[in-house]
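Structure assessment
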Amino acid sequence: SGFYAATRLQVHDRLKVLLGARVANYEARQHNWGSDSYRKKSGQVIPYYGAVFDLTDVFSVYASYTGIFKPQAAQNEQGATLPPVEGINTEVGLKASFFDGRLNASAAYFQLKQDNYALATGGLTPTGSPAYRPAAGVITKGFELEISGQLSPQWQIQAGFTHNVSELNSARVSTFAPANQFTLYTTYKFDGALDGLTVGGGARWMDKTWDTVTN
């Protein structure tokens, strides 16, 4: 449970500042094959700070800092649920708006630092599922490129590419997500004799996913 508050301030003609925070309360009770476990955390504050600066009427730069507090379902070999993931997420990027906002593009670089990150141990929980241990100091770095909107009044497009890799002590760890992913979706609306007909398609490509085992 929790609550949040946020505000957006126009501190300058070209500068907007975003401030917010969420207060979360977490409680988990569990019966683990003859033994009980209990976790509780109250009043956890998760901050959010952001700023957007308009370089021109077309281009803007932005930066953000966000706290992380995320309960998870992964269990250790005794069947106890791991504590929530905690950490910070920082991001900087460039945004562009073309044709009066009909076509938008963005490029972003992000970095996450996470504690209590679930890493597979190679063992099993009492129910036979893969077991995990919490790891501190997992760093995820990556970038994202995206374009969406109208290339013409008839032609719509959405395309993006994301790259991210997670490491612990300079060694790559499992994320259950591909390191590289590309998406492309497009539609075209005909006019004239074919007015009312729209055709479209899309595709998503991704790297293989893999897992690591740690002790």
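Each remark here, short or long, concerns the structure printed above.
A brief look at the structure comes next. Not measured: the values here are computed from a predicted model.

Definitions and cut-offs
Residues numbered from 1 in each chain as written. Predicted model: local features only at pLDDT ≥ 70, side-chain atom pairs only at ≥ 80, totals over all residues. Heavy atoms only, no water. Pairing = 2+ DSSP bridges. Helix = DSSP H or I, 4+ residues; strand = E, 2+ residues; numbered from the N terminus. 1 Å grid on protein atoms, 1.4 Å probe; cavity = no way out; pocket = protein on both sides within 12 Å on 5 of 7 lines; lining within 4 Å. Points joined across faces, edges and corners; volume = space filled by probe spheres on them. Nonpolar A, V, L, I, M, F, W, Y, C, P; charged D, E, K, R; others polar. Salt bridge = Lys/Arg side-chain N within 4 Å of Asp/Glu carboxyl O. Buried < 20%, exposed > 50% of the residue type's maximum accessible area, 1.4 Å probe, protein only. Patch = residues over 30% accessible without salt bridge, like charges linked within 9 Å, V, L, I, M, F, W, Y side chains within 5 Å. Areas by Shrake-Rupley, 256 points an atom, 1.4 Å probe, with all protein chains shown as cover. Contact = heavy atoms within 4.5 Å. Phe/Tyr/Trp six-rings, centres within 6.5 Å; stacked < 30°, edge-to-face > 60°. Lys NZ or Arg CZ within 6 Å of the ring centre and 35° of its normal. Core = buried A, V, L, I, M, F, W, Y, C linked by side-chain atoms within 4.5 Å.

Direction of pairing for strand β6 (residues 103-115) relative to strand β9 (residues 138-150): antiparallel, over a ladder of 12 bridges. Its bridge partner lying in β9, asparagine 104 is registered against serine 148. In this structure, β9 lies alongside strand β10 (residues 155-168), joined through 12 bridges in antiparallel fashion. Directly across from isoleucine 139, in β10, lies its bridge partner glutamate 167. If you look at the hairpin formed by β9 and β10, you'll find four residues sitting between the two strands.

Here the second largest pocket is characterised by a volume of approximately 230 Å³. Around the second largest pocket, the lining comprises 15 residues; the ones closest to its centre are Tyr62, Lys95, Ala96, Ala105 and Ser106. At the level of secondary structure, the elements contributing two or more residues to the lining of the second largest pocket comprise β4 (59-70), β5 (85-98), β6 and β9. In the lining of the second largest pocket, the residues fall into seven nonpolar, four polar and four charged.

To continue, consider the pattern of salt bridges. If you walk through the whole model with that rule in mind, you get three salt bridges. For aspartate 54, the salt bridge identified is with lysine 16, shortest N-O distance 3.6 Å. Within this pair, whereas aspartate 54 is found in strand β3 (residues 35-54), its partner lysine 16 is found in strand β2 (residues 15-32), the two being separated by 38 residues in sequence. With a relative accessible area of 17%, aspartate 54 lands in the buried category.

Taken together, the side chains of Phe53, Leu55, Val58, Phe59, Val61, Leu94, Phe98 and Phe99 present a nonpolar region at the surface, about 620 Å² in accessible area. For the nonpolar patch, the secondary structure elements donating two or more residues are β4 and β5. For phenylalanine 59, the position within the fold is in strand β4.

What follows deals with the environment of alanine 63. With respect to the element layout, alanine 63 can be found in strand β4. Assessed through its relative accessible area of 34%, alanine 63 is described here as partly exposed. It is 41 Å that separates the C-alpha atoms of alanine 63 and glycine 123, two residues lying 60 residues apart in sequence. If sequence neighbours within four positions are ignored, alanine 63 has contacts with Tyr49, Gly50, Ala51, Glu91 and Val92.

For the structure shown, the criterion picks out five aromatic pairs. An angle of 40° between the planes, with centres 5.9 Å apart, marks the rings of phenylalanine 143 and phenylalanine 161 as tilted. Note that phenylalanine 143 is positioned in strand β9 and phenylalanine 161 in strand β10, a separation of 18 residues in sequence. Accessibility expressed as a relative area gives 32% for phenylalanine 143, which makes it partly exposed. A residue is classified by how much of its surface remains accessible, and phenylalanine 161, at 25% relative accessible area, is partly exposed. Over the aromatic face of tyrosine 62 sits the side chain of lysine 95, whose NZ or CZ is 5.1 Å from the ring centroid.

Ranked by size, the top nonpolar core spans six residues in total: Tyr117, Leu119, Ala135, Val138, Leu168 and Val173. When neighbours within four sequence positions are excluded, alanine 135 is seen to be in contact with Gln114, Asp115, Asn116, Tyr117, Leu119 and Leu168. Core analysis: the next-biggest nonpolar cluster, separate from the first, contains five residues, Leu82, Ala118, Ala120 and Tyr132 among them.

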